[in-house]
Amino acid sequence: MHHRLTAVTACGTAAAIVTSLGLFSGTSALAAENAPDITESALTEVDPEGLELAGARAGSQATSAVTRADTTNLPPLLRAPAAYGEVSRGFTASVATHVASSSAASGQGAAEAGTAAEAAVASGGAGTGDAGTGSAGTSDIRTADETVPLPDASGSVTETTEDGIAIAALSQEMEVPEGNPAVVGLTYDEYADVEFEVRAKTDGQWSEWSHIHVENFGEGEPGTDPYYVAGASSLQIRVLGDAGVPEGTSIMLVDPKKLDSDAEAVRDNQPLVPADDAGEESGQSGDSGSAGDSGEAGAAAPGIVGTSARGEHGRECTATGGCTCPECAGAGAAQTVYQPGSASAAVPTSKKEVKKPTIRSRKDWGADESLRAGSPEYTSAPTAAVIHHTDGKNDYDAEDVPSILRGIYTFHVKGRGWADVGYNVLADKYGRLWEGRAGGVAKPVLGAHAQGYNSGTFGISVLGDYSKKAPPRETRDAVAQVIAWKLAKSDTPADGKTTIEGERMNTIVGHRDVGDTDCPGEAFYDTFGEIRKTAVAFQEGKDPVKEAEEKKAAEKAEKEQAEKEQAEKDKADEEEKEKDSEKDGSGLEGGVVDGISGGAADLS
C-alpha cells in the first residue's frame, strides 16, 4: 500500500495532515497555481505495512559505523536479545554525543539537548562505536548535570534493524510527485538522541538508507535538513535509537512543482561567465542577484567580526571607530559598528577588486518573496567562507535545479520556521551559481548556515551529497570564484587566516570545521587545497578557469596536430610499402615468365 501525502488518512501509526501552506488569500490564481504544495504527516511509531517493505530493516552507513565493531559472526536470528540491546544502546549513545555537540554549539541546555557533549554510557564506549561490555541491565548516559537512564537492553526494543539498532518509528511508503523533484524533511518539538534516515524508490528499486542531518542553526524550530530526490516514485522515513520518537515529530513533503521559467533560467545561467559590475542595480533586496557593489555595506578588517572577536593579543575588538585592539590599530579601517538589521558595518581602507561571477537571482529560480519573514539583516563583510553540501541525490538534471531550490527554501521557512533559506549562495553540479538568502549577493547578508559562525562569514552550499565523490571541476571552480569575490570585499586572502567568534581558522573552511557534521562530505573536503589555490588566482587578477580552458584547448590542438602528423606519416609509410610491394611483385612475375619461356625454348 502506498501512502500518498495528499489526503487526510488515519492508519494507526501516522495521520497525514494536509495543509495548504503554499496557498493563501490575496494571491493571484497564477501565483496559487505555482505555489509549492506542502503536506505533513505525523510520525509516531513503526508502521506494520512499512516494516514489510523490502529493505525496511536493512542497516545503513550510520548503523554499520557502530555495529561493525560490536556484532559477531553469528547470523542476526541467532543473536541474543541482550546483544541487540547493547549494540543499540551503543548506537544511541553515539548519536547522543553528536546531538549534544550540535546543540552545545547552538547554546542548547543539557535538558533540551538530551545529553552533553561529554555523554558516555556507563558501561563504556559512547561516541566511539563501542557498546561496552556491561550487563544487559539498565545503563545510564551520564552528563555534566544529570544521569539519563537508558532502556533495558532486553525486551524493551520491539523492532530492530538487521544489525540490531532499535527502530523507534517507521513510515509507510510515501508517493512523491511525478515529473519533478521532491523535498522532504522532519520537524519536532525538542532535540532528541535519535538518527533520522530516508530512502527512495526509483524504477522499482529501493536505495540504501541515507542519513538526514540535524543541526540547530540558531533560527526557527528543531528539525532536520531538507533532503531532495529527483526521479523517484516514493520515499520512506525511519527514526533509529533507544531514545524513542521525539515529541511532535512530523514529516513535511514539499512538491515545488516545475515552472515554465525553469528551463529558461537554466539555459541563461552559463557557468563562470563573469558579469560586468559596472552599472549594477542596487534595487530592492531579493529582486536580483546582480545587486551592485554600490550597496555593499563595507567590511571589517581581516579577523575582526562583530563585537565578539578578539585580536591575537587577546584584547577585545569593539568594531568601533575608536577600537584600539592590535588588529584594528594595524588596519586603521573600522568606521562604524555592525548592528543587527542594519546595513552599517566596518569599512576597510582598501580592498582588492575581483570580478563578480554570474549569479542568477531569486526571481530567476522562482522564489516566492511573500514566504520569507521580515527584512534581511547584514553583518560585516565576510572574512571567511563556509562550504556546505545540501544532502540529497546527485542524479538531478539541470532543469531540476530551480525546483529543488524552491523546495529547500519552502522547507527552511515553512518547516523549520526560518526567516529565509539559510545559505547565501547555492551552486549546482553544473557549475551554476544561484542567489540564496535575500538581501543582495553583493552585500554582507547575515545567513543561517553555521550556528555560532554566521556573523562575518559567507555560506555557500552545493546541491548534492559529496561524501564519496567530489563535485565536478566546473562546480569547484564556481565555488572558488564566488568565494574569491566575496572575501576580496574585506581584503581577505583566500589562503589566509581569520578570527571568527574568537577562534582562529582558515578563511575557507568546511561546515565540519565549525560544527559536528560530515558536511560538505569527505571527497569534497579533500579538494579544498585546490579550491583555495583557484580562489587565490582569481584574487590575483588571473582567470584560472580561462587559463585552464586555454591550456586544455592548446593540449587538445597539440594532440590533434600530433595525431594528424602521425596519420600522415603512417599513410606515407603505407604508400611506400605498397610501392615496394608492387615493385617486388613485378620483378618476380617477369623472372618466372622468363624462366618458363627459356625452358620452353630449350625443349623445342
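What counts, and at which threshold
Residues numbered from 1 in each chain as written. Predicted model: local features only at pLDDT ≥ 70, side-chain atom pairs only at ≥ 80, totals over all residues. Heavy atoms only, no water. Buried < 20%, exposed > 50% of the residue type's maximum accessible area, 1.4 Å probe, protein only. Helix = DSSP H or I, 4+ residues; strand = E, 2+ residues; numbered from the N terminus. Pairing = 2+ DSSP bridges. Phe/Tyr/Trp six-rings, centres within 6.5 Å; stacked < 30°, edge-to-face > 60°. Lys NZ or Arg CZ within 6 Å of the ring centre and 35° of its normal. 1 Å grid on protein atoms, 1.4 Å probe; cavity = no way out; pocket = protein on both sides within 12 Å on 5 of 7 lines; lining within 4 Å. Points joined across faces, edges and corners; volume = space filled by probe spheres on them. Nonpolar A, V, L, I, M, F, W, Y, C, P; charged D, E, K, R; others polar. Patch = residues over 30% accessible without salt bridge, like charges linked within 9 Å, V, L, I, M, F, W, Y side chains within 5 Å. Areas by Shrake-Rupley, 256 points an atom, 1.4 Å probe, with all protein chains shown as cover. Salt bridge = Lys/Arg side-chain N within 4 Å of Asp/Glu carboxyl O. Lys, Arg positive; Asp, Glu negative; His and termini not counted. Charge placed at Lys NZ, Arg CZ, Asp CG, Glu CD. Core = buried A, V, L, I, M, F, W, Y, C linked by side-chain atoms within 4.5 Å. Contact = heavy atoms within 4.5 Å. Axes fitted to C-alpha atoms, helices over the stretch in contact; angles between N-to-C directions. Parallel < 35°, antiparallel > 145°, perpendicular 65-115°, else oblique. Left-handed = near helix turned anticlockwise from the far one by under 90°.

Visitor: Just to check I follow, could you spell out the pairing of strand E15 (residues 234–240) for this structure?
Guide: One face of the sheet, then the other: side chains in a regular strand alternate in exactly this way. Summarising burial for E15: 7 of the 7 residues are buried, a large majority. Residues Ser234, Gln236, Arg238 and Leu240 of E15 are buried on one face, and the alternating residues Leu235, Ile237 and Val239, pointing to the opposite face, are buried as well. With 3 bridges connecting them, strand E8 (residues 167–170) and E15 associate as antiparallel partners. For alanine 169, the partnering residue across the bridge sits in E15 and is valine 239. Where strand E11 (residues 195–202) and E15 come together, 7 bridges link them in antiparallel fashion. Within E15, the residue paired with glutamate 197 across the bridge is arginine 238.

Visitor: Mind showing me how you'd approach the packing of aromatic side chains here?
Guide: As enumerated under the stated definition, the model contains 7 aromatic pairs in all. Here the aromatic rings of tyrosine 396 and tyrosine 430 are separated by 6.3 Å at their centres, their planes lie at 75°, and the arrangement is edge-to-face. Remark: tyrosine 430 occurs in the loop between strand E18 (425–427) and strand E19 (433–435) and tyrosine 396 occurs in the loop between strand E17 (384–389) and helix H9 (401–415); sequence separation between them is 34 residues. Under the relative-accessibility criterion, tyrosine 396 is labelled buried at 0%. Taking the centre distance of 6.0 Å and the plane angle of 70° together, the rings of tyrosine 466 and phenylalanine 524 count as edge-to-face. With tyrosine 466 in the loop between strand E20 (457–462) and helix H10 (473–488) and phenylalanine 524 in helix H12 (residues 522–525), the pair connects residues that are 58 residues apart, well separated along the chain. Neither residue differs from the other here; tyrosine 466 and phenylalanine 524 are each classed as buried. An aromatic cluster is defined as three or more aromatic residues linked by ring pairs; in this entry it consists of Tyr466, Phe524, Tyr525 and Phe528. Just above the ring of tryptophan 206 sits the side chain of arginine 199; from NZ or CZ to the centre is 4.1 Å. In this arrangement the basic side chain of lysine 486 is found over the ring face of tryptophan 485, its NZ or CZ atom lying 5.5 Å from the centre.

Visitor: Just checking my understanding: could you explain empty space enclosed by the protein for this structure?
Guide: Where empty space is left can be seen by rolling a probe of water-molecule size over the atoms. What the rule picks out here adds up to 4 cavities of 30 Å³ or more. Within this model, the largest cavity holds a volume of roughly 80 Å³. Lining the largest cavity are 14 residues, and of these Asn424, Lys443, Val445, Phe458 and Lys486 lie nearest its centre. Considering only residue class, the lining of the largest cavity consists of 6 nonpolar, 5 polar and 3 charged.

Visitor: What am I meant to see in a negative patch on the surface here?
Guide: A contiguous patch of negative charge on the surface is contributed by Asp570, Glu574, Glu575, Glu576, Glu578, Asp580, Glu582 and Asp584. Following the sequence through the fold, glutamate 578 ends up in helix H14 (residues 544–603).

Visitor: So what exactly am I meant to see when it comes to the nonpolar core here?
Guide: Nonpolar side chains tend to gather and get buried jointly when the protein is soluble and globular. Judged by nonpolar contacts, the single largest core of 55 residues is most densely connected at Ile387, Tyr396, Leu433, Ile460, Leu463, Val482 and Ile483. With 9 residues, the top contributor of residues to this core is H10. Once you skip the residues sitting within four places of it in the chain, isoleucine 387 turns out to touch Ile460, Val479, Ile483, Ile508, Val509, Gly510, His511, Cys519, Pro520, Phe524, Phe528 and Ile531. Phe196, Tyr227, Val229 and Val239 belong to the second largest nonpolar core, which has 25 residues in total.

Visitor: How do you make sense of the packing of H10 against helix H13 (residues 528–539) when you look at a structure like this?
Guide: In a pair of packed helices, the angle between the axes and the distance between the axes together describe the arrangement. Following both chains from N to C, one finds H10 and H13 inclined at 50°, their axes separated by 8 Å at the closest point. Between H10 and H13, the interaxial angle falls into the category oblique. In this structure, the crossing between H10 and H13 has a hand that is right-handed. Judged by residue contacts, Arg473, Arg476, Asp477, Ala480, Gln481, Ala484, Leu487 and Ala488 of H10 engage Glu530, Ile531, Thr534, Ala535, Phe538 and Gln539 from H13. For the contact of H10 with H13, the per-class residue count stands at 7 nonpolar, 3 polar and 4 charged.

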